Amino acid sequence: MADMFPRELLPDEVKSNGERKTFDALRDGVGDPWQAYHSVGWVARDQARGAIDGEIDFVVCHPEQGVVCL
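Here is what the cut-offs are and how they apply
- Residues numbered from 1 in each chain as written.
- Predicted model: local features only at pLDDT ≥ 70, side-chain atom pairs only at ≥ 80, totals over all residues.
- Heavy atoms only, no water.
- Core = buried A, V, L, I, M, F, W, Y, C linked by side-chain atoms within 4.5 Å.
- Buried < 20%, exposed > 50% of the residue type's maximum accessible area, 1.4 Å probe, protein only.
- Helix = DSSP H or I, 4+ residues; strand = E, 2+ residues; numbered from the N terminus.
- Contact = heavy atoms within 4.5 Å.
- Lys, Arg positive; Asp, Glu negative; His and termini not counted.
- Salt bridge = Lys/Arg side-chain N within 4 Å of Asp/Glu carboxyl O.
- Expected span 1.5 Å × (residues − 1).
- Arc of directions from axis to C-beta.
- Phe/Tyr/Trp six-rings, centres within 6.5 Å; stacked < 30°, edge-to-face > 60°.
- Pairing = 2+ DSSP bridges.
- Axes fitted to C-alpha atoms, helices over the stretch in contact; angles between N-to-C directions.

**Quick word on the nonpolar core**
Core analysis: the largest hydrophobic core is formed by eight residues, namely Ala-2, Met-4, Leu-9, Phe-23, Leu-26, Ala-36, Phe-58 and Val-60. Elements with a minimum of two residues in this core: helix H1 (17-29) and strand E3 (50-62). Setting aside residues no more than four positions away along its own chain, Ala-36 makes contact with Asp-3, Met-4, Phe-5, Leu-26, Val-59 and Val-60.

**Some points on the side chain of Glu-19**
Mapped onto the elements, Glu-19 comes out in helix H1. Lys-15 provides the closest opposite charge to the buried, unpaired Glu-19, separated from it by 5.3 Å. Beyond its immediate sequence surroundings of up to four residues, Glu-19 is in contact with Leu-9, Glu-13, Val-14, His-38, Asp-57 and Phe-58.

**Some details on H1**
In an α-helix, one turn spans 3.6 residues; hence positions three or four apart end up facing the same way. A rise of 1.5 Å per residue sets the reference length of H1, with its 13 residues, at 18 Å; its end C-alpha atoms lie 17 Å apart and thus fit the reference within 8%. Along H1, the positions that sit buried rather than exposed are Glu-19, Phe-23 and Leu-26. Buried residues in H1, looked at end-on, bunch into an arc of 70°, giving them a common side. When the buried face of H1 is taken as reference, the exposed residues oriented beyond 90 degrees from it are Asn-17, Lys-21, Asp-28 and Gly-29. Buried residues along H1 sit in contact with strand E1 (3-5), strand E2 (35-46) and E3.

**A closer look at the packing of aromatic side chains**
The final tally for this structure, using the stated rule, is one aromatic pair. Measuring from ring centre to ring centre gives 4.8 Å for Phe-5 and Tyr-37, while their planes differ by 15°; the resulting arrangement is stacked. One end of the pair, Phe-5, is in strand E1; the other, Tyr-37, is in strand E2, and 32 residues separate them in sequence. Using a relative accessible area of 36% as the deciding quantity, one classes Phe-5 as partly exposed.

**Considerations on the sheet that holds strand E4 (residues 66-69)**
Taken together, four strands build an open sheet; the order of strands is E1-E2-E3-E4 and the sheet is mixed. Each edge of the open sheet is held by one strand with a lone partner, namely E1 and E4. Direction aside, the axes of adjacent strands within the sheet are offset by 45° on average. Where E1 meets E2, three bridges bridge the pair, whose relative direction is parallel. When the bridges of E2 are listed, Met-4 appears paired with Ala-36. Lying on the sheet, H1 is in contact with E1, E2 and E3; it crosses E3 at an angle near 40°.

This is the structure:
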């Protein structure tokens, strides 16, 4: 089982059924030492436009395999 952050999704945190399915698949389908983070914010700075921000639905990390952003 992967370490999930947060451990469970609250109903008002889920924007689509696909997000819930992806959360469950990551939690149940990958094992240690994988970690998955839900709803990760990001900020990019642009000299002309200023700061822009967004959200990554899932960031999946492994200490030897790398990082995947979904």
